[in-house]
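Here's the letter readout for the chains.
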Amino acid sequence: MHGIFVGEIQALEGAGGACFDFGDDEIPFALKLDMARQCWDESRHVELSCKLAAHMGSDIGEYGESTFLYAAAINPDPVLRLTGGNRALEGLAIDVFSSMKEFGESTDDPILTFCEDWMLADEVTHVKMGSDWLRRLTEKDPERRERALEFQRTVDKVFSLGGFRGDSEENPIQITRRFRELAGFSQEENDEIAEISRQAMEEARAMVEMANAARAS
């Protein structure tokens, strides 16, 4: 819960930066309005996450956190920012909130269940905005679209966290295909994310095996 709280702050910074960092000659004003709407959502998520942390027995500042989510959300190219932030990171939020909602249901915690369901609905909207604007901004520039999607794959692999998220029973966070499809992902894209997560898990296992072998020798 503490990590989600900090992640929401960084998501707010990323969306706010999209409103401020680019001129009207770089991105349409309508896109800035969508990002401003997302700032409103993210600030509400920060408030909800603070209250959820207290509900679940945690205090703000109790754990150390990193800023590597923020680093992925402030790419200087607005199109890469859409894929890295709105499609990759907000897509991860779909998976996290869906899994947390199921956890709330399994533990008979109506407060957690309701809050996660509320935030999940927002995240689907944020990813959908990223999907829609990616297509619109790169409609006549397929090479730029592919560069942006490649950046998204890189971010998705990093945030698979060595198999923490995936498509198998081994993964604590499950890829939520139904909500991702509502947000503009195709079945092929969901399959690709599942494969990226599988590769991340295999690489993490290989690193552990190498470390164990080195320690044994």
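The structure we're discussing is the one just above.
Residues numbered from 1 in each chain as written. Predicted model: local features only at pLDDT ≥ 70, side-chain atom pairs only at ≥ 80, totals over all residues. Heavy atoms only, no water.

**Q** For this particular structure, what's the right way to read the nonpolar core?
**A** Nonpolar side chains in soluble globular proteins generally cluster together in the buried interior. By size, the foremost hydrophobic cluster in this structure holds 35 residues, and its most contacted members are Leu89, Ile94, Val96, Phe97, Val155 and Phe159. Of all the secondary-structure elements, those providing two or more residues to this core are helix 2 (29-55), helix 3 (68-73), helix 4 (78-106), helix 5 (110-137), helix 6 (142-158) and helix 8 (187-216). Residue contributions to this core peak at 10 residues, all from helix 4. Among residues more than four places away in sequence, those in contact with isoleucine 94 are Leu120, Glu123, Val124, Val127, Thr176, Phe179, Arg180 and Ala183. In this structure, Ala18, Phe22, Leu31 and Met35 belong to the second largest nonpolar core, which totals eight residues. (Core = buried A, V, L, I, M, F, W, Y, C linked by side-chain atoms within 4.5 Å. Buried < 20%, exposed > 50% of the residue type's maximum accessible area, 1.4 Å probe, protein only. Helix = DSSP H or I, 4+ residues; strand = E, 2+ residues; numbered from the N terminus. Contact = heavy atoms within 4.5 Å.)

**Q** How should I be thinking about the state of the cysteines in this particular structure?
**A** Here a disulfide denotes one covalent bond, and it connects the sulfur atoms of two cysteines. Summed over all chains, the structure comprises zero disulfides. Not part of a disulfide, cysteine 19 finds its nearest cysteine sulfur in cysteine 39, a span of 4.6 Å. Cysteine 39 gets classed as buried once you look at its relative accessible area, which sits at 16%. (Disulfide = S-S within 2.5 Å.)

**Q** I would appreciate a short explanation of helix 8 in the present structure.
**A** Within an α-helix, residues lying three or four positions from one another point in the same direction, as the helix has 3.6 residues per turn. For helix 8, which comprises 30 residues, the first-to-last C-alpha distance of 43 Å matches the rise-based estimate of 44 Å (1.5 Å per residue) to within 8%. Turning to helix 8, its buried residues are Asn190, Ile193, Ala194, Ile196, Ser197, Ala200 and Met201. Where the residues of helix 8 are buried, they touch helix 6, strand 1 (165-166) and helix 7 (177-182). (Expected span 1.5 Å × (residues − 1).)

**Q** How should I be thinking about the packing of helix 2 against helix 5 in this particular structure?
**A** Each pair of packed helices can be summarised by the angle the axes make with each other and by the distance between the axes. Direction vectors running N to C along helix 2 and helix 5 enclose 160°, while the axes themselves pass 10 Å from each other. Looking at the two axes, helix 2 sits roughly antiparallel to helix 5. For the pair helix 2 and helix 5, the crossing hand works out as left-handed. (Axes fitted to C-alpha atoms, helices over the stretch in contact; angles between N-to-C directions. Parallel < 35°, antiparallel > 145°, perpendicular 65-115°, else oblique. Left-handed = near helix turned anticlockwise from the far one by under 90°.)

**Q** How should I be thinking about the environment of glutamate 181 in this particular structure?
**A** Mapped onto the elements, glutamate 181 comes out in helix 7. Glutamate 181 sits 76 residues away from glutamate 105 along the chain, and the two C-alpha atoms are 23 Å apart.

**Q** How should helix 6 be read in this particular structure?
**A** With 17 residues, helix 6 extends 25 Å between its outermost C-alpha atoms, agreeing within 8% with the 24 Å of an ideal straight helix rising 1.5 Å per residue. Within helix 6, burial applies to Ala148, Leu149, Phe151, Gln152, Val155 and Asp156. End-on, the buried residues of helix 6 take up no more than an arc of 155°, which puts them together on one face. Along helix 6, the residues that are exposed and aim more than 90 degrees away from the buried face are Pro142 and Glu143. Those residues of helix 6 hidden inside the fold are in contact with helix 3, helix 4, helix 5, strand 1 and helix 8. (Arc of directions from axis to C-beta.)

**Q** Got a minute to help me understand the side chain of glutamate 90 in this structure?
**A** Among the structural elements, glutamate 90 can be located in helix 4. Polar side-chain contacts of glutamate 90 include one of 2.9 Å to the side chain of histidine 126. Residues within four places of glutamate 90 in sequence aside, it is in contact with Ala11, Gln38, Glu42, Gly85, Glu123, His126 and Val127. (Polar contact = N/O pair within 3.5 Å; in protein donor to acceptor, adjacent residues only side chain to side chain.)

**Q** For this particular structure, what's the right way to read the packing of aromatic side chains?
**A** The geometry of an aromatic ring pair comes down to the distance between the two centres and the angle between the two planes. Scanning the entire structure with this criterion turns up one aromatic pair. The ring of phenylalanine 179 has arginine 178 sitting right over it, with the charged end atom 4.4 Å from the ring centre. Here the basic side chain of arginine 180 rests over the ring of phenylalanine 185, its NZ or CZ set 5.1 Å away from the ring centre. (Phe/Tyr/Trp six-rings, centres within 6.5 Å; stacked < 30°, edge-to-face > 60°. Lys NZ or Arg CZ within 6 Å of the ring centre and 35° of its normal.)

**Q** Would you take a moment to explain the packing of helix 6 against helix 8 for this structure?
**A** Running from amino to carboxyl end, helix 6 crosses helix 8 at an angle of 45°, the nearest separation of the two axes being 9 Å. Relative to helix 8, the element helix 6 lies oblique. The crossing of helix 6 and helix 8 is right-handed. Counted together, Leu149, Arg153, Asp156 and Lys157 of helix 6 and Glu189, Glu192, Ile193, Ile196, Gln199, Ala200 and Glu203 of helix 8 form the full contact between these two elements. Looking at the contact of helix 6 with helix 8 residue by residue, the class counts come to four nonpolar, one polar and six charged. (Nonpolar A, V, L, I, M, F, W, Y, C, P; charged D, E, K, R; others polar.)

**Q** What is the right way to look at unusual backbone geometry in this model?
**A** Where the residue is not glycine, phi is negative for most of them; where a peptide bond is considered, it is trans in most cases. Look at aspartate 108: it is not a glycine, yet its phi comes out positive at around 55°. Checked against the element boundaries, aspartate 108 lands in the loop between helix 4 and helix 5. Relative accessible area serves as the criterion here: at 69%, aspartate 108 is assigned to the exposed category.

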